[in-house]
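Observations on the model geometry
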Amino acid sequence: MCYEGALEKLRARGLKVNPERFLAEFDRMSRIGWVEGYGMNRLALSENHVAIRMDLMEQLKALGAKVKVDEAGNIIAELGEQGEAIAVGSHLDSVPGGGRFDGAYGVIAGLEVLRTIKESNVRLRHRLVLIDFNNEEGSRWSPPLLGSGLSCGVYTRDFVYSRVDRNGVRFEDALRNTGFMGSPENNISCNPPRFYVELHIEQGPELYSKGYDIGIPQGIVGIRVVELAFRGSQDHASSPLWARRDALTGLVIVKNKLEEYALERVDKLRVTIGRVNVEPNVANVVPGEVRFTVDIRSYDPNIIDETVKYIVENGEDVARRRGLDFEHRDLWYIERTLFDTQVVKTIEEACEEFEFKCLKTWSWAGHDAQNMARVSRTGMIFIPSVNGRSHSKDEYSGDEDLVKGLLTLLNVILALDSS
Ligand SMILES: [Zn+2]
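Everything quoted here is computed from the prediction, not taken from an experiment. (Residues numbered from 1 in each chain as written. Predicted model: local features only at pLDDT ≥ 70, side-chain atom pairs only at ≥ 80, totals over all residues.)

**Examining the overall build of the protein chain**
For the record, the criterion: Elements are defined by DSSP. Helices are runs of H or I of four residues or more, strands are runs of E of two residues or more, and each kind is numbered from the N terminus. As defined in this context, the radius of gyration uses C-alpha atoms, and a globule is described by 2.2 Å times the residue total to the power 0.38. Labels follow a simple rule on C-beta atoms placed from the backbone: if 20 or more others lie within 10 Å of a residue's own, it is buried; if 12 or fewer, it is exposed; otherwise it is partly exposed. Think of it this way: build a C-beta for each residue from its backbone, and any pair within 7 Å is a contact.
Summing up its helical and strand segments, the protein chain has 13 helices and 18 strands in all. The globule rule puts the C-alpha radius of gyration for 419 residues at 22 Å, and the 24 Å found for the protein chain is close to it. If you line up the protein chain on its principal axes, its C-alpha atoms span 80 × 45 × 40 Å. Looking at the protein chain residue by residue over its 419 residues, the buried ones come to 48%. Considering only contacts within the protein chain whose residues lie at least 6 apart along the sequence, 77% involve residues at least 24 apart.

This is the structure:
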């Protein structure tokens, strides 16, 4: 094991760390809702999600933690009576057919942190809090991060409660029916922790492909989504190509240009054309209209703006050359999140002490940590995802990496506690 040195250092400080127990517990809990051949079936507030949350709450209560639920259905468990809080956490809901690691890893590792601190009789100056966020994925109720959004004051209660799933179930009714309707005074914004640290799988190939143990995101990238449309003239498939005004040609040319552009900026930019509507979408008709979205992400807001400009200029150029009409509009924009520099530095030092190879990076996906960053000094710890796969049944992180992440989290908490 290449974490023996780290283990010894933590044990020398009186922490009774037990990696085997953690791995066994992770294996057991993360299988709740697992369907062989399909992947994870644990949508927010579904039967399986409720089952794993009841399991978690039972264990937290057995540890002597005070377990509360807020008005978004987030579970908040506290150890210790006084002082400001250091919180850890993540989410137990999953996308349909997802993996066992996304979210669950951070919550189950957080449970192990509480258990280790409690059993070791280590006295912390801070209270220690574990948060299990509700409806992080947004697969059942859109948008994502609903639980942290309401609890941190980013979304209003009316907005969150009125979200409806595909079967017409309102978020508010699901909270009541599953017993997770908590009270507003438990909301995180009423009593934010001093620090929040979220341990998560990377959900990308960088750490794994470059051989790093730990990733330290400096923040979460900004995301801008624009909608573009080309209008030409609908025509018969028998028409000669020179006579057409094919709207789909506009999309194809813009997409090719954009791909080249993004490949030249691969470390700074991600672009995705994820939704395309072609009219009339019939095999023997030249498309008269095509409407599509581009999701643009970068940690640098200037790069996002430049990319939008590039797309629009190209769209206008194609439209001119091909006799098409072109229009574009902004759909939404989420500003980047910067994590707390002290927390980021503490994570870096914790890795260096353990001789874990760490990489300063960015999170290209959204996490509850971005809402927590509005109320608490926040950071995240990433571990490698094999082949970068995530939101898939093939999502996997090895035992050694799971343990290294846990040990790093413990070391970070001790360091923040004495800061
Ligand atoms: Zn996640």
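**Looking at the pairing of strand β6 (residues 127–133)**
The condition that has to hold: Only strands that DSSP links by at least two bridges are regarded as paired with each other. When the strands point away from the viewer, a crossover counts as right-handed if the route from the first strand across the helix to the second turns clockwise.
In terms of residue burial, β6 counts as a mostly covered element, since 6 of its 7 residues are buried. The pairing of strand β4 (residues 75–79) with β6 spans 5 bridges and is classified as antiparallel. Residue pairing for β6: Ala77 is matched across the bridge by Leu130. Tracing the backbone out of strand β5 (residues 85–91), into helix α4 (residues 104–120) and back to the parallel element β6 gives a crossover that is right-handed.

**A few points about the domain arrangement of the protein chain**
A common way to express how large an interface is: the accessible area buried when the components associate. Filter applied, for reference: Domain delimitation follows an automatic or database domain assignment. Classes in brief: Ala, Val, Leu, Ile, Met, Phe, Trp, Tyr, Cys and Pro nonpolar; Asp, Glu, Lys and Arg charged; the others, Gly included, polar.
The domain boundaries assigned to the protein chain delineate domain 1 (4–220 + 336–417) and domain 2 (222–334). Distance from the C-alpha centre of domain 1 to the C-alpha centre of domain 2: 37 Å. Residue classes in the side of domain 1 that touches domain 2 are distributed as 2 nonpolar, 1 polar and 1 charged.

**Observations concerning the environment of Val221**
Counting through the fold element by element, Val221 comes out in the loop between β8 (214–220) and β9 (222–231). Along the sequence, Val221 and Asp102 sit 119 residues apart, while their C-alpha atoms lie 18 Å from each other. When residues no more than four places from it in sequence are discounted, the contact partners of Val221 are Arg297, Ser298, Tyr299, Arg336, Trp362, Ser363 and Trp364.

**Re the packing of helix α11 (residues 341–354) against helix α13 (residues 399–417)**
Inclusion rule: What counts as an axis is a line fitted to C-alpha atoms, over the stretch in contact for a helix, and the angles between N-to-C directions run from 0 to 180 degrees. If an angle is under 35 degrees, it is roughly parallel; if it is over 145, roughly antiparallel; if it lies from 65 to 115, roughly perpendicular; otherwise it is oblique. Whether a crossing is left-handed or right-handed is set by the direction in which the near helix is turned from the far one by less than a right angle, anticlockwise for left-handed and clockwise for right-handed.
The contact between α11 and α13 brings their axes to 9 Å, and the two run at 120 degrees. Here α13 runs oblique to α11, going by the angle between their axes. Judged by the sense of rotation from one axis to the other, the crossing of α11 with α13 is right-handed. Note on element contacts: α13 touches α11 through Leu407, Thr408, Asn411, Val412, Ala415 and Leu416, opposite Thr346, Ile347, Glu349, Ala350, Cys351, Glu353 and Phe354. Tallied by class, the residues present in the contact of α11 with α13 amount to 8 nonpolar, 3 polar and 2 charged.

**Quick word on unusual backbone geometry**
Here the residue pair Ser142 and Pro143 is connected by a cis peptide bond, since its omega of 0 degrees sits within 30 degrees of zero. Tracing the backbone through its elements, the reader meets Pro143 in the loop between β6 and α5 (146–151). Residue Pro280 follows Glu279 across a cis peptide bond; omega there is 0 degrees. Mapping Pro280 onto the fold places it in the loop between β12 (276–279) and β13 (285–286). The phi dihedral of Asn135 falls on the positive side, at around 45 degrees, and the residue is not glycine. Within the fold, Asn135 resides in the loop between β6 and α5.

**Describing the nonpolar core**
In plain terms, the rule: A set of buried Ala, Val, Leu, Ile, Met, Phe, Trp, Tyr and Cys residues, joined through C-beta atoms within 7 Å, is what we mean by a nonpolar core.
In this structure, Val129, Ile214, Ile381, Leu407, Leu409 and Leu410 are the most contacted members of the largest nonpolar core, which totals 94 residues. Residues contacting Leu409, with those up to four places away along its chain left out, are Val88, Ala109, Val113, Val197, Leu199 and Ile381.

**A closer look at the packing of helix α2 (residues 19–29) against α4**
In the contact formed by α2 and α4, the axes pass within 10 Å of each other and the chain directions differ by 135 degrees. Judged by the inter-axis angle, α2 sits oblique to α4. The chirality of how α2 crosses α4 is right-handed. Every residue of α4 that contacts α2 at Phe22, Glu25, Phe26 and Met29 is listed here: Ala104, Ile108 and Glu112. Along the lines of polarity and charge, the residues of the contact of α2 with α4 split into 5 nonpolar, no polar and 2 charged.

**What to know about the pairing of β5**
With 7 of its 7 residues buried, β5 lies for the most part within the structure. Covered by surrounding structure in β5 are Ala85, Ala87, Gly89 and His91 together with Ile86, Val88 and Ser90, the residues of both alternating faces. The pairing of β5 with β6 spans 7 bridges and is classified as parallel. Considered in β6, the bridge of Ile86 is made with Leu128. Sheet topology places β5 next to strand β7 (residues 195–201); 3 bridges connect them, and they run parallel. Looking at β7, one finds that Ala87 is bridged to Tyr196.

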